[in-house]
Amino acid sequence: MAEINFIPLEYDYFDWQGRNYARIIGRDDKGHRVLMIDLFEPHLYAILKPNLSEKQIQELIKKIEKIKIESGSRTTKIEKIKVEEKNFLGKPVKALKIYVTNFKDAHQVADKLDFPEIEARREYDLSFSTKYIIEKNLVPLGWYKVTGEILNNSQEFGGIDSQFDVDICIFAEKIEKAEEKAFKPKILAFDIEADEFELGKSEILMISLASENFKKVLTWKHCPAKQEFVECFKNEEEMLEKFVEYIKKQSPDILTGYFSDGFDLPYLRARAQKLGIKLSLGVDNSQPVFARGRIPSASISGIIHIDLFRFIETVYSQYLQSETLGLNEVASELLGEGKKDFEFKKSDKIKQHEWRDFFEYNLQDSILTLKLAEKFWPDMFEFSKILQEPLFEITRDSMSSHVENYLIHNLERYNEIAEKRPIHQEIGERQAKEKYEGAFVFQPTPGLYEDICVFDFTSMHASIIVSFNISKSTLLEGRQKNSYETPEFELDGKKEKFYFTKQKGFFPALLEEVVQKRKKYKKEYAEDKNPIKKARSNAYKLLANATYGYLGFFGARYYCREAAASTLAFVRKFTQDSMDRIKEQGYKIIFSDTDSIGFQLSGKTQKQTLDFLKKLNSELPGIMELDLEDFYKRGLFVSKRMTEAGAKKKYALIDEKGKIKIRGFETVRRDWCNLARKLQSEILELILKEGNEKKALELAKKTIINLKERKVNREQIMIRTQLKKPISEYKSITPHVIAATKMKEAGMPIDIGMSIEYFIAETRKTKKLVREKVKLSDEKGEYNIEYYLEHQILPAVENIFDVFEVNIHEISEGSRQKKLF
DNA sequence: TCCCTACCGTGATG
DNA sequence: GTACATCACGGTAGGGA
């Protein structure tokens, strides 16, 4: 019997003699790689109809015990059945906990449980690792004292030890929580370069690897004069073999790439297949396994493969300024360091001396990826700890999964059985439902305003769900005593009110914890600015903000349209009520959107306004809170194009320190050309800083003249639009679809989600449609002056000048004769 | 062929 | 399929004059 301190990292399972065993890879506190084996008895629940007699239950159990599933070579049987008092959707139920010998057949066992005594079958659709983690309470990245038999060099489990390249192999008998220790994973980043983007189409030219003390580029195509980090091979095969060998030697906990799920690993697989070699990267020498999805997920046994791009995309993209999520932009923003300059060419066109740069470029990509992984490690760590799911999963899961994982891993405290995932048909029905009414947006009056104050509700949706106990399980059939009543609102054409019990439901209760923890860690971070605290606070914030969306998401286990619609009814009510109170006080409302209200101080002081805010807060129910967002010196609001009506979701504010906040304007939209965006943002800045339009007008005139004199460079006029679906699915053939088609014809890779770049060129007069003037950046042609004037520059600035009753259109016409200026 | 408007498509706000 | 509804605006599709 031995005892080790163990931190679990990667979860999987195997069958042995008709039973399931978890096989978990992690480290001990001395840094040894550990394989822990643990018997796991998977189970599912059959929720019984109420009022069954003891005899009926016993007879049912006898029937269930006879269930057998034969699938291929394996037979799954019922191991044992327990009768338990549980809760389901907040209500007490009697349920059978049915243990099956093989997890893989839980679904089929559930299918056979169609007895009249059974009300519902549940928990057969949770993943193995989720079930295991809950049942054994062995949470990823926690420390545990594991007592058990060491199986090194043993023949147990068919000699499993010899199949795995680990230092310690232990068969767990007892697992106890141990004291938390610091853990620093060994991270290895990699990146490949090839001539073609199409997977496997061309040879892999080079592969770079980077960990803390190891930097290397493997290549074969061109062997340079000394470049110490470059290692040269005879051919691609040898290079790939060495790549596998280096990964084994480095023995990382985490192998990371940037878009490596979608590119590097599938490419490596395709090349290995073509060359007839094995990519035995796993600690059991298995090859990477690809799970299907929008982007495949590549897993390597015993090593956590993390595609950083995916984690950043789902969790952090909303907080990034970068216009694309490419490695260069993201690294530049977060690390202050970008890719190396290197102009891509096909390898046969690369000159002798340029190879050096190419190798450096390739290595830099791995180094950036490594640095990003280190930067995001606290975030990944916290997500994994909070959601209690392994790193591989949390770096790929969607926000809805994150919310769901948080719920599912905490149900036990409420003695709750987990709700099932909706089946295909239910998803269809949910999606077919009409949309429900959203938040309220106040229509502003165009103008330049001074002395503005903005209030906003903190985590408004979450605080409403908590304060009014809103969820699927707390929704009542109709009005009842001791319940919360929603405001009256329209749903599916009917005026409705909904009621939620005051008896706390697990869903709002768990959300309340999330909100409280967010508050706590935000405060802790303010006092001690360390990255772990920041990551923790941020993870809870993201979780709180995604929970409302989860309620209305068709794929959610705890989907509840009435609850989502009710939440929004409260959102509208509290924002409207607060606006009324602010108006009563003598302030003038300027704008409002969902949970924020902007108004003019109208002669009142900031102190008076803050006192008033306190009063408003004292009147709010539950955990709801109205907060000061900021005071602003000026704010600009414009009309919708070609109308007098004020535009919603479009404004620019300047605070007392001169910091500018621009929302909704073309400046912040990635699908406008830089020329228009830059001009607009400079104009907004001049107007907000100066308080008038004079200087801004001069700038506009100068830009128009520049444009007409063809002095604008190519980069400034490129228009970028994302391709959101396959070219053939577009009903409307827009300029970006034409541009994408042209790219495809030129042999460039076209993928969904790609940013398509083009400009509008001068063409013969017969071509009327914009799409007929589309050219790619490498095509010859001059930019279309009229288009950029009438469709980019003027639309971007005319509404702004309208506020000052300046007609930029007329001025622009006049500028045909430059003398006017 | 021209003109108008409904609809498609993207990317914003919160 | 992978959190929600609301909004602005360019551009095309397609019918009617």
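Keep in mind that what you see is a predicted model, and the values were worked out from it rather than measured.

Definitions and limits used
- Residues numbered from 1 in each chain as written.
- Chains lettered and ligands numbered in written order.
- Predicted model: local features only at pLDDT ≥ 70, side-chain atom pairs only at ≥ 80, totals over all residues.
- Heavy atoms only, no water.
- Near = heavy atom within 4 Å.
- Polar contact = N/O pair within 3.5 Å; in protein donor to acceptor, adjacent residues only side chain to side chain.
- Helix = DSSP H or I, 4+ residues; strand = E, 2+ residues; numbered from the N terminus.
- Nonpolar A, V, L, I, M, F, W, Y, C, P; charged D, E, K, R; others polar.
- Salt bridge = Lys/Arg side-chain N within 4 Å of Asp/Glu carboxyl O.
- Buried < 20%, exposed > 50% of the residue type's maximum accessible area, 1.4 Å probe, protein only.
- pLDDT = per-residue confidence, 0-100.
- Contact = heavy atoms within 4.5 Å.
- Axes fitted to C-alpha atoms, helices over the stretch in contact; angles between N-to-C directions.
- Parallel < 35°, antiparallel > 145°, perpendicular 65-115°, else oblique.
- Left-handed = near helix turned anticlockwise from the far one by under 90°.
- Pairing = 2+ DSSP bridges.
- 1 Å grid on protein atoms, 1.4 Å probe; cavity = no way out; pocket = protein on both sides within 12 Å on 5 of 7 lines; lining within 4 Å.
- Points joined across faces, edges and corners; volume = space filled by probe spheres on them.

1. A closer look at the protein's contact with DNA strand C
Consideration 1: For DNA strand C, the set of nearby residues contains 32 residues, the closest of which are Gly438, Arg641, Lys650, Tyr787 and His791.
Consideration 2: For DNA strand C, a sugar or linking oxygen lies 3.3 Å from a polar atom in the backbone of Tyr436.
Consideration 3: Those elements that provide at least two residues to the surface near DNA strand C are α11 (399–408), α15 (531–551), β28 (646–655) and α22 (785–802).
Consideration 4: A class-by-class count of the residues in the surface near DNA strand C yields 15 nonpolar, 8 polar and 9 charged.

2. A short note on the pattern of salt bridges
Consideration 1: On inspection of all chains with the given rule, the structure shows 71 salt bridges.
Consideration 2: Measuring nitrogen to oxygen at the nearest pair gives 3.6 Å for the salt bridge that ties Arg23 to Glu10. Of this pair, Arg23 sits in strand β2 (residues 19–28) while Glu10 sits in strand β1 (residues 2–16), placing them 13 residues apart in sequence. Residue Arg23 shares its accessibility class with Glu10, and that shared class is buried.
Consideration 3: Put simply, Arg561 and Asp492 hold a salt bridge, and the shortest N to O gap is 2.7 Å. Here Arg561, found in helix α16 (residues 561–584), pairs with Asp492, found in the loop between β22 (489–491) and β23 (494–496); they are 69 residues apart in sequence, far enough to count as distant.

3. Topic: the confidence of the model for chain A
Consideration 1: With 99% of its residues at a pLDDT of at least 70, chain A reaches an overall mean of 94.
Consideration 2: Mean pLDDT across the elements of chain A ranges from a minimum in helix α23 (residues 808–814), with 83, to a maximum in strand β15 (residues 254–257), with 98.
Consideration 3: In the model, residues 817–821 has pLDDT below 50 throughout and makes 8 contacts with residues more than four positions away in sequence or in other chains.

4. Things to note about the packing of helix α14 (residues 506–527) against α15
Consideration 1: Axis separation between α14 and α15 bottoms out at 8 Å; the angle between their running directions is 150 degrees. Between α14 and α15, the crossing angle belongs to the class labelled roughly antiparallel. Classified by chirality, the crossing of α15 by α14 is left-handed. Here Phe507, Leu511, Val514, Val515, Lys517, Arg518, Tyr521, Lys522, Glu524 and Tyr525 of α14 come into contact with α15, specifically with Lys533, Lys534, Arg536, Ser537, Tyr540, Lys541, Leu543, Ala544, Thr547, Tyr550 and Leu551.
Consideration 2: By residue class, the composition of the contact of α14 with α15 is 11 nonpolar, 2 polar and 8 charged.

5. A few points about the pairing of strand β13 (residues 214–219)
Consideration 1: Of all 6 residues that make up β13, 5 are buried, and the element is covered over most of its length.
Consideration 2: Examined bridge by bridge, strand β12 (residues 204–211) and β13 share 6 bridges and lie antiparallel to one another. The residue of β13 that forms the bridge with Ala210 is Lys215.
Consideration 3: Counted along the chain from β12 to the antiparallel partner β13, the turn is 2 residues long.

6. So, the layout of surface pockets
Consideration 1: Here the second largest pocket is characterised by a volume of approximately 1300 Å³.
Consideration 2: Along its surface, the second largest pocket is lined by 45 residues, and Ser127, Phe392, Glu393, Arg396 and Asp397 are the ones closest to its centre.
Consideration 3: At the level of elements, β1, α3 (128–136), β16 (289–291), β17 (297–299), α7 (308–316), α10 (391–394) and α11 are the ones that each hand at least two residues to the lining of the second largest pocket.
Consideration 4: Here the lining of the second largest pocket takes 5 residues from α11, the largest share from any one element.
Consideration 5: The residue makeup of the lining of the second largest pocket, split by class, is 16 nonpolar, 15 polar and 14 charged.

7. Digging into the environment of Ile654
Consideration 1: Of note, Ile654 is situated in strand β28.
Consideration 2: On the basis of relative accessible area, Ile654 is assigned to the buried category, the value being 1%.
Consideration 3: Taking the C-alpha atoms as reference points, Ile654 and Arg634, separated by 20 residues in sequence, lie 5.5 Å from one another.
Consideration 4: In contact with Ile654, not counting residues within four places along its chain, are Tyr632, Lys633, Arg634, Lys659, Ile660, Leu688 and Lys689.

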